[in-house]
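So you can see what is in the structure, the chains are spelled out below.
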Amino acid sequence: SPGPCDADAACTNTAGSFTCTCTGGLAGNGEICHDPATTGETCGDAIVLDQAELPKTFAVDTTGTNNDYQMSANVCASITGSSYSAGSSSGDLVYSFTPTTDATFQVTMIDASVDLAFYVVTDCANIDTTCLSHGDLPDQNTFDGVAGTTYFIVVDGYTTGEGTFDFELTQLP
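These lines cover the structure that appears in this document, whether it is placed above or below. (Residues numbered from 1 in each chain as written. Predicted model: local features only at pLDDT ≥ 70, side-chain atom pairs only at ≥ 80, totals over all residues. Heavy atoms only, no water.)

### So, the overall build of the protein
Condition: Comment: elements are numbered from the N terminus, with helices defined as DSSP H or I runs of at least four residues and strands as E runs of at least two. Throughout this description, buried means an accessible area under 20% of the type-specific maximum (1.4 Å probe, protein chains only), exposed means over 50%, and partly exposed covers the range between. The contact definition used throughout considers only heavy atoms, calling two residues in contact when any of these lie within 4.5 Å.
What the protein contains, in helices and strands, is one helix and 13 strands. When the helices and strands of the protein are listed from N to C terminus, the series reads β-β-β-β-β-β-β-β-β-α-β-β-β-β. In the protein, which comprises 173 residues, the share counted as buried stands at 43%. Taking the contacts inside the protein whose residues are at least 6 apart along the sequence as the reference set, 71% of them involve residues at least 24 apart.

So this is what it looks like as structure tokens:
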């Protein structure tokens, strides 16, 4: 059976645990590895998440990524009335998620090195009209997922922020 680490990661056993480290110049937390030059740069090549693996924490590094997306102020359901926009001049990274069952999901941001944000959308060509949830550090927001619908979690910055943070995707009971 497959181990806990990505096929492109080294697994090191420790007493009662393990660590996964991406190899070959790939980025990620070792459980999911991706080519930082191409994978996750757009919604078309988003890093795919699996509902069966939830809850799961993901290590994200937006350093050196392209600035492909942005969210305007006052558009996302979880921050209506907020004057904050996100991503106007920051690199971003995209994850996709297509639930197999209807459920409520929670995205939690933790351990950021800079002022980063996330937003959950259903259409990357129409971020402002399809934004379902938004957050920054420390923050957690929920969205109702419908089976068969693809959701994109865009990890971005508020201004010129690029850096590292972890986010967790959880299916709520």
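### Concerning the environment of V94
Locating V94 in the fold gives a position in strand β7 (residues 93–97). Since its relative accessible area comes to 0%, V94 is described here as buried. Once residues lying within four places of it in the same chain are set aside, the contact partners of V94 are G40, E41, T42, C43, A46, I47, Y69, F152, I153 and V154.

### Focus on the side chain of T130
Assignment of secondary structure puts T130 in helix α1 (residues 127–130). The contact partners of T130, leaving out residues within four places of it in the chain, are V120, V121, T122 and D123.

### Focus on the state of the cysteines
Every disulfide links exactly two cysteines, by a covalent bond between their sulfur atoms. Under the convention used in this document: Note on disulfides: each one is a pair of cysteine sulfur atoms within 2.5 Å.
In this structure the tally under the stated criterion is two disulfides. Paired through a disulfide, C5 and C20 show a sulfur-sulfur distance of 2.0 Å. Residues C5 and C20 are joined through a disulfide that is left-handed, its torsion about the S-S bond being -80 degrees. Note that C5 is positioned in the segment before β1 (9–14) and C20 in strand β2 (residues 17–22), a separation of 15 residues in sequence. Of the two residues examined, C5 and C20, each falls in the buried class. Linked covalently through their sulfurs, C43 and C124 form a disulfide whose S-S length is 1.6 Å. As the torsion about the S-S bond is roughly -70 degrees, the C43-C124 disulfide counts as left-handed. In this pair, C43 sits in the loop between β4 (33–34) and β5 (47–49) while C124 sits in the loop between β9 (116–121) and α1, placing the two residues 81 residues apart along the sequence. C124 gets classed as buried once you look at its relative accessible area, which sits at 14%. The structure places no disulfide on C11, whose sulfur is separated from the nearest cysteine sulfur, that of C5, by 3.5 Å.

Everything listed here is a matter of coordinates, which is why it stays silent on function.
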